[in-house]
Amino acid sequence: QTNVWNNSATLWDNVIKHYPKATIAYHNMGVYMEQQGRFDEAMQYFMGMIKSSPNKAEGYFKLGNILALKFDRTGAIRYYSKAIEYEPTYYTAYNNRGNQYLIAGMYERALVDYSQAIKLNTGYESAYLNRGMCYFAQKRYLLAAKDFEKVLTLNPENEKAKEKLQYIHLNQ
């Protein structure tokens, strides 16, 4: 392997060449391309991941993340939904799909997803923050404040929660 290990990309490409069903190789190449900002190439590797393991949620989730970065909300929602279909306890997929609904102004759908993420992982700071932001966008300040306070119990250094809570306290 030392002949092909110039960097991570050459190693994992070689693994894919010799073992086309090696899901981990597609995953690692997709992550590598994503880190390089090469999103179209990352998408191809995550598609390879899905092809090699079509019943595993992670490939769909990773593809959803790339589509979200490319501002393709509809595509991102579709792939996050597919990840949830294969792994109904995938709380980060609920959170990320909720983010896409929030951006689209589909607040009630976002709230359902954030609440499900919290139900699945009661210590998931991001879901509380995002649900608080959704309530805040709807001017439902008491509910937003409750979520921001929970964020601060989980992470007292969260600046966004502090800022939003201060705004609510000053304007209520």
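This text follows the structure it describes.
Here the residue numbering is sequential within each chain, running from 1 through the sequence in written order. Only residues with pLDDT of 70 or above have their local features reported here, since the model is predicted, and side-chain atom pairs are shown and tallied only from 80 upward, although totals for entire chains, interfaces and linings are computed over all residues. The side-chain figures draw on all heavy atoms in the structure; neither hydrogens nor water molecules are used.

Participant: Help me understand the overall build of the protein chain in this model?
Facilitator: Secondary structure elements follow DSSP: runs of H or I of four or more residues count as helices, runs of E of two or more count as strands, with numbering from the N terminus. Along its length, the protein chain carries ten helices and zero strands. Under the scheme applied here, a residue whose accessible area is under 20% of the maximum for its type counts as buried, over 50% as exposed, and between as partly exposed, the area being computed with a 1.4 Å probe on protein chains only. In the protein chain, which comprises 172 residues, the proportion classed as buried is 45%. The contacts in the protein chain between residues at least 6 apart in sequence include a share of 39% that link residues at least 24 apart. Just so you have it, the protein chain exposes about 9,700 Å², and 52% of that area is on carbon and sulfur atoms. Whether two residues touch is decided by their heavy atoms; if any such pair falls within 4.5 Å, the residues are in contact. The protein chains shown are the only cover counted for residues, whose accessible areas, like all others here, come from Shrake-Rupley with a 1.4 Å probe.

Participant: How should the side chain of Gln100 be read in this particular structure?
Facilitator: Looking at where Gln100 falls in the secondary structure, it is placed in helix α6 (residues 91–103). Given the relative accessible area of 7%, Gln100 is considered buried. The contacts of Gln100, once residues within four sequence positions are left out, are Ala68, Arg73, Ala76, Ile77 and Tyr80.

Participant: Just checking my understanding: could you explain helix α9 (residues 141–154) for this structure?
Facilitator: Side chains that are three or four residues apart share a direction in an α-helix, a result of its 3.6 residues per turn. Residue count minus one, scaled by 1.5 Å, sets the expected span of a helix. For α9, spanning 14 residues, the distance from its first C-alpha to its last is 20 Å, which sits close to the expected 20 Å at 1.5 Å a residue. Taken residue by residue, α9 has Tyr141, Ala144, Ala145, Asp147, Phe148, Val151 and Leu152 as its buried positions. One side of α9 carries all its buried residues, which in axial view fall inside an arc of 165 degrees. Facing away from the buried side of α9 by more than 90 degrees, the exposed set consists of Leu142, Lys146 and Thr153. Buried residues along α9 sit against α8 (125–137) and α10 (159–171). Throughout, the arc means that of the directions going from the helix axis to the C-beta atoms.

Participant: What should I look at first to understand the environment of Phe136 in this one?
Facilitator: Following the sequence through the fold, Phe136 ends up in helix α8. Separated by 32 residues in sequence, Phe136 and Ile168 have C-alpha atoms that sit 8.9 Å apart. Ignoring anything within four residues of it in the chain, the contact list for Phe136 reads Tyr141, Ala144, Phe148, Lys164, Tyr167 and Ile168.

Participant: Sorry, what's going on with the nonpolar core here?
Facilitator: Across soluble globular proteins, nonpolar side chains have a tendency to be buried as a group. Buried residues of nine kinds, namely Ala, Val, Leu, Ile, Met, Phe, Trp, Tyr and Cys, make up a nonpolar core once their side-chain atoms join them within 4.5 Å. In terms of nonpolar packing, the biggest core is built from 49 residues, with Phe46, Leu63, Ala83, Phe148 and Ile168 touching the most fellow members. Filtering out sequence-adjacent residues up to four positions away, Phe148 remains in contact with Leu129, Gly132, Met133, Phe136, Ala161, Lys164, Leu165 and Ile168.

Participant: Hey, could you run me through the packing of aromatic side chains in this one?
Facilitator: Ring pairs (aromatic) are described by centroid distance and by the angle formed between their planes. Only centres within 6.5 Å qualify two rings of Phe, Tyr or Trp (six-membered ring in Trp) as a pair; their planes then separate them into stacked at under 30 degrees, edge-to-face at over 60, and tilted for everything else. This model, assessed by the stated rule, comprises eight aromatic pairs. Geometrically, the ring pair formed by Phe136 and Tyr141 is edge-to-face, given 5.3 Å between the ring centres and 70 degrees between the ring planes. With relative accessibility at 16%, the residue Phe136 sits in the buried group. The exposure class of Tyr141 is buried, given its relative accessible area of 15%.

Participant: Could you clarify how one ought to interpret the packing of helix α7 (residues 107–120) against α8 in this entry?
Facilitator: The relative placement of two packed helices comes down to the angle between their axes together with the axis-to-axis distance. Only the stretch in contact is used when fitting a helix axis, every axis being a line fitted to C-alpha atoms; angles between N-to-C directions are given from 0 to 180 degrees. Closest axis-to-axis distance for the α7/α8 pair is 9 Å, and the angle between their directions is 155 degrees. As the angle between them shows, α7 and α8 are arranged roughly antiparallel. Of the two possible hands of crossing, α7 and α8 adopt the one that is left-handed. Between α7 and α8, the contacting residues are Tyr107, Ala110, Leu111, Tyr114, Ser115, Ala117 and Ile118 on the first element and Ala127, Tyr128, Asn130, Arg131, Cys134, Tyr135 and Ala137 on the second. Basically, the charged four are Asp, Glu, Lys and Arg, the nonpolar ten are Ala, Val, Leu, Ile, Met, Phe, Trp, Tyr, Cys and Pro, and anything else, Gly included, counts as polar. Counted by class, the contact of α7 with α8 contains eleven nonpolar, two polar and one charged residues. Angle categories are assigned with fixed cut-offs, so that under 35 degrees is roughly parallel, over 145 is roughly antiparallel, 65 to 115 is roughly perpendicular, and the rest are oblique. Each helix crossing is assigned a hand: it is left-handed if the near helix lies turned anticlockwise from the far helix by less than a right angle, otherwise right-handed if that turn is clockwise.

Participant: Whenever I open this one, unusual backbone geometry confuses me. Can you help?
Facilitator: Note: most peptide bonds trans; most residues except glycine with negative phi. The phi dihedral of Phe71 is positive, around 65 degrees, even though this residue is not glycine. Its place among the elements puts Phe71 in the loop between α4 (57–69) and α5 (73–86). Look at Lys139: it is not a glycine, yet its phi comes out positive at around 65 degrees. The topology assignment puts Lys139 in the loop between α8 and α9. The exposed category is assigned to Lys139, whose relative accessible area is 60%.

Participant: How should the packing of helix α3 (residues 39–52) against α4 be read in this particular structure?
Facilitator: In contact at an axis separation of 8 Å, α3 and α4 are set at 160 degrees when each is read in the N-to-C sense. Classed by the angle they form, the pair α3 and α4 counts as roughly antiparallel. Handedness of the α3/α4 crossing: left-handed. From α3, Phe39, Ala42, Met43, Phe46, Met47, Met49 and Ile50 reach across to α4, where they touch Glu58, Gly59, Tyr60, Lys62, Leu63, Ile66, Leu67 and Leu69. Its residues placed into classes, the contact of α3 with α4 shows twelve nonpolar, one polar and two charged.

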